[in-house]
Amino acid sequence: MTIEKVGIVGAGQMGNGIAHVFALAEYEVLMTDISEDALSAAVALIERNLDRQVSKDLITQAQKTDAMKRITTTPTLTDLGKTDLIIEAATERETIKTAIFEDLVPHLKPDTILTSNTSSISITRLASRTDRPEKFMGFHFMNPVPIMQLVELIRGIATDEATFKACHAVVERLGKTSATAEDFPAFIVNRILMPMINEAIYTLYEGVGSVQSIDTSLKLGANHPMGPLELADFIGLDTCLAIMNVLHDGLADTKYRPCPLLTKYVEAGWLGRKSQRGFYDYRSGTPVPTR
Ligand SMILES: NC(=O)c1ccc[n+]([C@@H]2O[C@H](COP(=O)([O-])OP(=O)(O)OC[C@H]3O[C@@H](n4cnc5c(N)ncnc54)[C@H](O)[C@@H]3O)[C@@H](O)[C@H]2O)c1
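This structure is a prediction, so every number in the text was calculated from the model and none was measured. (Residues numbered from 1 in each chain as written. Predicted model: local features only at pLDDT ≥ 70, side-chain atom pairs only at ≥ 80, totals over all residues. Heavy atoms only, no water.)

### Some thoughts on the overall build of the protein
Scanning the protein for helices and strands turns up 11 helices and 10 strands. Here the C-alpha radius of gyration of the protein, 19 Å, is about what a compact globule of 291 residues would show, namely 19 Å. Considering only C-alpha atoms, the protein reaches an extent of 55 × 45 × 30 Å along its principal axes. The buried share among the 291 residues of the protein stands at 49%. (Helix = DSSP H or I, 4+ residues; strand = E, 2+ residues; numbered from the N terminus. Rg over C-alpha atoms; globule rule 2.2 N^0.38 Å. Buried < 20%, exposed > 50% of the residue type's maximum accessible area, 1.4 Å probe, protein only.)

And the structure:
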């Protein structure tokens, strides 16, 4: 399977980073989103992030210019049918992802590989809604994609070896490192990380500590580069809640119960950095704790 053209569905936080790293690794990238504003914002952000890499001498100006030329966008999902590999990075909601794959399937080439960047949803279940479960995998990047080294590769029950090897080779061409996870709720990274973030929110909810004291404790007491609440804001509180719900439903264990305070923030539309307010308020430019 030769992969040269890559389709990306969703131009949000993850989609723009994924487009960035694929274009730098000399793949042709075609990106789509239901929001045309999201598409233009993603292209502008990729350009700014590439400029930052040029200014730090991580890449040359020519690499940046070539990478930008390799990225095209389309508002029409089915245009991605002509690509060799599709990475779905739309909102973490199963009905959205399933609808995307169902719309795409009739337009795909016979050997196009389908993948999802989902943080937690069953790869086997998503694959079963397509015509090619053997050519379907989890391709889970970490945020921010240009900086984080890991890609989790998740096989569904039916994923064949050729598909796995093709995706593994793509990760190597991106200069990243893969870890293989079995298809169980939230895979490896989020199975461990999200309950810690959820526990930090319970710690806040029960009044054990303030936002500031919880984040300072984990940064200076456990040597974490970011506090758990700062990290939750960075990931997006809607995504955190969606992952906790998948763990809770999928493993049927009360230890994964999402903290009611997390639900309340999401209901308020306080989704973290992407909406300018979460456990911190970012609107003044300097993060101010909201509790
Ligand atoms: N945020 C993280 O730290 C992180 C890390 C790893 C994986 N992920 C996963 O990546 C995926 C995307 O997360 P994100 O943080 O980029 O979310 P986001 O909210 O920043 O972006 C999601 C994008 O999907 C678009 N979208 C929604 N429905 C669509 C549709 N039907 N067709 C095309 N586009 C559609 C939205 O307009 C939005 O631009 C999720 O599955 C999430 O679990 C997120």
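### As for the environment of glycine 272
By the element assignment, glycine 272 lies in the loop between helix H11 (260-267) and strand E9 (280-281). Along the chain, glycine 272 and isoleucine 59 lie 213 residues apart, while their C-alpha atoms are 30 Å from each other. With near-sequence residues (within four places) excluded, glycine 272 lies in contact with Asp233, Leu237, Arg277, Gly278 and Tyr282. (Contact = heavy atoms within 4.5 Å.)

### A look at the side chain of asparagine 190
By secondary structure assignment, the location of asparagine 190 is in helix H7 (residues 189-205). Residue classification places asparagine 190 among the buried residues on the basis of a relative accessible area of 5%.

### Some points on the domain arrangement of the protein
Segmentation of the protein into domains returns domain 1 (5-181) and domain 2 (193-286). Computed over C-alpha atoms, the centres of domain 1 and domain 2 are 26 Å apart. Contact residues are listed per partner, giving 7 residues for domain 1 and 7 residues for domain 2. Summed over both sides, the interface of domain 1 with domain 2 buries roughly 590 Å², with 64% coming from carbon and sulfur. The largest per-residue losses of area from domain 1 upon contact with domain 2 belong to Gln13, Glu92 and Ser120, which jointly make up 60% of the total buried on that side. Scanning the region where domain 1 abuts domain 2 turns up 0 salt bridges. Counting every contact that joins domain 1 to domain 2 gives 1 residue pair in polar contact (both at pLDDT 80 or more). Split by residue class, the side of domain 1 that touches domain 2 holds 2 nonpolar, 4 polar and 1 charged. (Domains from an automatic or database assignment. Buried area = accessible area lost by both parts, 1.4 Å probe. Salt bridge = Lys/Arg side-chain N within 4 Å of Asp/Glu carboxyl O. Polar contact = N/O pair within 3.5 Å; in protein donor to acceptor, adjacent residues only side chain to side chain. Nonpolar A, V, L, I, M, F, W, Y, C, P; charged D, E, K, R; others polar.)

### Some details on the pattern of salt bridges
With the rule as written, the count across this model stands at 13 salt bridges. Residues glutamate 92 and lysine 97 are paired through a salt bridge, measuring 3.7 Å at the closest nitrogen-oxygen approach. Judged by its relative accessible area of 14%, glutamate 92 falls in the buried class. In this structure, aspartate 281 and arginine 283 form a salt bridge, with 2.6 Å as the shortest nitrogen-oxygen distance. Accessibility expressed as a relative area gives 16% for aspartate 281, which makes it buried. The network of salt bridges with common partners includes Glu47, Asp51 and Lys64.

### A few points about the state of the cysteines
Counted according to the given criterion, the structure contains 0 disulfides. The thiol of cysteine 240 is unpaired, and the distance to the nearest cysteine sulfur, on cysteine 259, comes to 12 Å. Residue classification places cysteine 240 among the buried residues on the basis of a relative accessible area of 1%. (Disulfide = S-S within 2.5 Å.)

### Topic: helix H10 (residues 237-251)
Here H10 is 15 residues long and its end C-alpha atoms lie 21 Å apart, about the 21 Å a rise of 1.5 Å per residue gives. The first or second residue beyond H10 is alanine 252, which carries a positive phi of 50°. (Expected span 1.5 Å × (residues − 1).)

### Some words on the site of the ligand
Near the ligand there are 24 residues, and of these Met14, Asp33, Glu92, Lys97 and Ser119 occur at the shortest range. At 3.3 Å from an oxygen atom of the ligand is found a main-chain nitrogen or oxygen belonging to alanine 90. Calculation on the ligand without its partners gives an accessible area of 830 Å², and the protein chains cover 86% of this total. Broken down by element, the shell around the ligand gets its largest block of residues, 3 residues, from helix H4 (residues 94-104). Residues of the shell around the ligand, tallied by class, amount to 10 nonpolar, 10 polar and 4 charged. Here the shell around the ligand spans two domains, since at least three of its residues come from each of domain 1 (5-181) and domain 2 (193-286). (Near = heavy atom within 4 Å. Areas by Shrake-Rupley, 256 points an atom, 1.4 Å probe, with all protein chains shown as cover.)

### What to know about the sheet that holds strand E1 (residues 5-9)
With respect to topology, 8 strands assemble into an open sheet ordered E3-E2-E1-E4-E5-E6-E7-E8, the strand pairing being mixed. Every other strand in the sheet has two partners, leaving strand E3 (71-74) and strand E8 (177-181) as the edge strands with one partner each. The average angle at which neighbouring strand axes cross in this sheet is 25°, direction not considered. Inspection of the sheet shows strand E2 (residues 28-32) paired to E3 by 4 bridges, in the parallel sense. Counted as the bridge partner of threonine 32 is threonine 74 from E3. (Pairing = 2+ DSSP bridges. Axes fitted to C-alpha atoms, helices over the stretch in contact; angles between N-to-C directions.)

### Observations regarding the nonpolar core
Counting 39 residues, the largest nonpolar core has Ile18, Phe22, Met31, Leu85, Phe139 and Phe141 as the members making the most contacts within it. Ranked by residue count, the leading element in this core is helix H1 (residues 13-24), at 6 residues. In this structure phenylalanine 141 touches Met14, Ile18, Val21, Phe22, Ile87, Asn117, Leu150, Val151, Leu174 and Lys176, once residues within four positions along its chain are discounted. Listed in part, the 27 residues of the second largest apolar core include Ala232, Ile235, Leu262 and Phe279. (Core = buried A, V, L, I, M, F, W, Y, C linked by side-chain atoms within 4.5 Å.)

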